[in-house]
Amino acid sequence: MSDAQRKELRDLVSALGADISDRHYQPSYDVAANICSGVFETIPVDLHDLVQEAAMAGYAAALDDLERGKLDDRVRERAELLN
């Protein structure tokens, strides 16, 4: 991987983690570690940080959506389907 590609990856990783609030950081980190433990052996080492940050960013965004009530209707619909 070239130096330019490495810089692009570092910039992307930084951008992904930029919106993770302090209160969501630890749970997002823990979930990402669980997710990534199963894939790290199958992907290039250069992508480990990117995959982990992407998983963290996605989980943190989901936590934020839950806290704001953005998913309330979807959760109610699924709960009704299960009952």
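In this text the structure is predicted, and so the values were computed from the model without any measurement. Every chain is numbered independently, its residues counted from 1 as its sequence is written. Note on the predicted model: pLDDT of at least 70 is required for a residue's local features to be given, and 80 or more for side-chain atom pairs to be given and counted; whole-chain, interface and lining totals, by contrast, use all residues. Just so you know, side-chain values use all the structure's heavy atoms and leave hydrogens and water out.

Student: Honestly, the pattern of salt bridges in this entry has me stumped. Any pointers?
Tutor: When the charged atoms of two side chains with opposite charge come close together, those side chains can pair. By definition, a salt bridge exists where a carboxyl oxygen of Asp or Glu is found within 4 Å of a side-chain nitrogen of Lys or Arg. All chains considered together, the criterion is met by five salt bridges. Across the salt bridge formed by Glu-67 and Arg-23, the nearest N and O atoms sit 2.8 Å from each other. Of the two residues, Glu-67 sits in helix H3 (residues 48–68) while Arg-23 sits in helix H2 (residues 22–37), which places them 44 residues apart along the sequence. Relative accessibility decides the category of a residue: with a 1.4 Å probe and only protein chains considered, values under 20% of the type maximum give buried, values over 50% give exposed, and everything between is partly exposed. When its relative accessible area of 54% is taken as the criterion, Arg-23 is described as exposed. Strands are runs of DSSP state E lasting at least 2 residues, helices are runs of H or I lasting at least 4, and numbering of each runs from the N terminus.

Student: It is not clear to me how the packing of H2 against H3 should be interpreted in this structure. Could you clarify?
Tutor: Each pair of packed helices can be summarised by the angle the axes make with each other and by the distance between the axes. Interaxial angles span 0 to 180 degrees and are taken between N-to-C directions of axes, which are lines fitted to C-alpha atoms, for helices over the stretch in contact. For the pair H2 and H3, interaxial distance at closest approach is 8 Å and the crossing angle is 130°. It follows from the interaxial angle that H2 and H3 lie oblique. The interaxial crossing formed by H2 with H3 has right-handed handedness. In this structure, H2 contributes Arg-23, His-24, Tyr-25, Pro-27, Ser-28, Tyr-29, Val-31, Ala-32, Ile-35 and Cys-36 to the contact, and H3 contributes Val-51, Gln-52, Ala-55, Met-56, Tyr-59, Ala-60, Leu-63, Asp-64 and Glu-67. Oblique is the label for any angle not under 35 degrees, not over 145, and not in the 65 to 115 range, which are roughly parallel, roughly antiparallel and roughly perpendicular in turn. Note: crossing handedness is left-handed where the near helix turns anticlockwise from the far helix by less than a right angle, and right-handed where it turns clockwise. Contacts between residues were defined by any pair of non-hydrogen atoms, one from each residue, lying within 4.5 Å.

Student: Please explain the confidence of the model for the protein as it appears in this structure.
Tutor: For any part of a model where pLDDT is low, the fine detail of the predicted coordinates should not be relied upon. Within the protein, residue pLDDT values average 85, and 99% of them lie at 70 or more. Confidence of the predictor in every single residue is expressed as pLDDT, which spans 0 to 100. Ranking the helices and strands of the protein by mean pLDDT puts H2 first, with 91, and helix H1 (residues 3–17) last, with 78.

Student: Please clarify how the environment of Ala-62 should be interpreted in this entry.
Tutor: Secondary-structure assignment places Ala-62 in helix H3. Judged by its relative accessible area of 30%, Ala-62 falls in the partly exposed class. Once the C-alpha coordinates of Ala-62 and Gln-5 are considered, the two residues, 57 residues apart in sequence, prove to be 29 Å apart.

Student: What am I meant to see in H3 here?
Tutor: With 21 residues, H3 extends 30 Å from end C-alpha to end C-alpha; this agrees with the ideal 30 Å at 1.5 Å per step. Listed as buried for H3 are His-48, Leu-50, Gln-52, Glu-53, Ala-55, Met-56, Ala-57, Ala-60 and Leu-63. Close packing links the buried residues of H3 with H1 and H2. Following H3 by one or two positions, Gly-69 has its phi on the positive side, about 80°. What a helix should span is 1.5 Å times the count of its residues minus one.

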